[in-house]
Amino acid sequence: MSPPYQPVGQCIYCGATRYGLERKKLGEEHIVPYCVDGTHILPEASCKRCEVKTGGLEQSLFGNAGFYRAARVAARTKSRRKGPNTVPLWIGPDGNQARYDIPADEAPLSLTAVHFGPPAILNGGGWYTPDKNVAIHHHQLNSHMPRPGESIVTPNIQLDSLQRLMAKIGHGYAVAELGLTGFTPFLIDCILGREENHPWGLFGCVDDPAQPSGAYQIGLSEWPVNDDVLIAVDVRLFGTLPFPRYRVVVGRKGQDDKPIVREEIVDREGRITSLAFTRL
Ligand SMILES: [Zn+2]
């Protein structure tokens, strides 16, 4: 299948069938972020509460200088969302760096990416097998380099946010391609930030044989592991730039039971007072 996708009619994270108190129609879910010019969109697929939980992810990764500007160059089109006019840079000798907000057009253009090994679960590991092969790669994309005595610090990479964003992309794509009943999802708690332990064994990078092309690439594959068939989604953002191909194991093929929805009951002060479990 390819976009445009049919409306889901149910929140792909919690199963809610209405957006919130103010309206019924669910929000659209951008599987691939706006700022990469993502055209994979699921209509009527997210409730307000889940939207709030997933909404900050793009901003925390793409709102910074490195990712954001790289995305604009990769897409070679004007983003629908206007970017910031300035980017923060920390410039100066070691231990004495000062923040400069410089015009975005004059900023050093670079791409910082995190590379992992392949997903452990596809190689006999478990959900929580930590990845010992994390490496940060920095690609300088224009000629703006520090002068003698200066250094330029790349934006912070938030590993948890990166993992949650990749989980969100993978889950949304699997729903689009297989339907909500086509697989048993693994990553909803991770996407909504409810996991205490991050399931690093479900995430990884794979060598990318494809020639870089387009704004981004996304695809789905099946992996027989023991008695299950696991569903993995590969996504490579920034198609024309040296960005890794991430592989996310999003679930198990088929669905034995209707999913159980966990809902938090929150009091007026915002404290969670109890949990409700409902089988759909
Ligand atoms: Zn929801």
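This one's a predicted model, so the numbers in the text were calculated from it and none came from an experiment.

**Some remarks on the overall build of the protein chain**
Then comes step 1: Along its length, the protein chain carries four helices and 14 strands.
Then comes step 2: Burial statistics for the protein chain: of 280 residues in total, 33% are counted as buried.
Then comes step 3: Counted over contacts in the protein chain with a minimum sequence separation of 6, partners at least 24 positions apart contribute 63%.

**Quick notes on the environment of E29**
Then comes step 1: Mapped onto the secondary structure, E29 falls in strand 1 (residues 27–30).
Then comes step 2: Measuring from C-alpha to C-alpha, the distance between E29 and I12 comes to 8.9 Å, with 17 residues separating the pair along the chain.
Then comes step 3: When neighbours within four sequence positions are excluded, E29 is seen to be in contact with I12, I41, L42, A45, S46 and G172.

**Things to note about the nonpolar core**
Then comes step 1: Core analysis: the biggest nonpolar cluster contains 53 residues, and V248 and V250 have the highest contact counts within it.
Then comes step 2: Only strand 2 (41–46), helix 1 (48–62), helix 3 (159–178), helix 4 (188–191), strand 9 (203–206), strand 10 (216–225), strand 11 (228–237) and strand 12 (245–253) provide two or more residues apiece to this core.
Then comes step 3: Counting residues per element, this core draws most heavily on helix 3, at eight residues.
Then comes step 4: When near neighbours in sequence (up to four residues on either side) are disregarded, V250 contacts G170, H171, A174, P185, F186, L187, I231, A232 and V233.

**Description of helix 3**
Then comes step 1: Compared with an ideal rise of 1.5 Å per residue, which puts 20 residues at 28 Å, helix 3 spans 28 Å between its outermost C-alpha atoms and is within 8% of the ideal.
Then comes step 2: Burial within helix 3 is extensive, with 14 of its 20 residues counted as buried.
Then comes step 3: Looking one or two residues beyond helix 3, the residue adopting positive phi is G179, at roughly 85 degrees.

About the cut-offs
- Residues numbered from 1 in each chain as written.
- Predicted model: local features only at pLDDT ≥ 70, side-chain atom pairs only at ≥ 80, totals over all residues.
- Helix = DSSP H or I, 4+ residues; strand = E, 2+ residues; numbered from the N terminus.
- Buried ≥ 20, exposed ≤ 12 C-beta atoms within 10 Å, placed from the backbone.
- Contact = placed C-beta atoms within 7 Å.
- Core = buried A, V, L, I, M, F, W, Y, C linked by C-beta atoms within 7 Å.
- Expected span 1.5 Å × (residues − 1).

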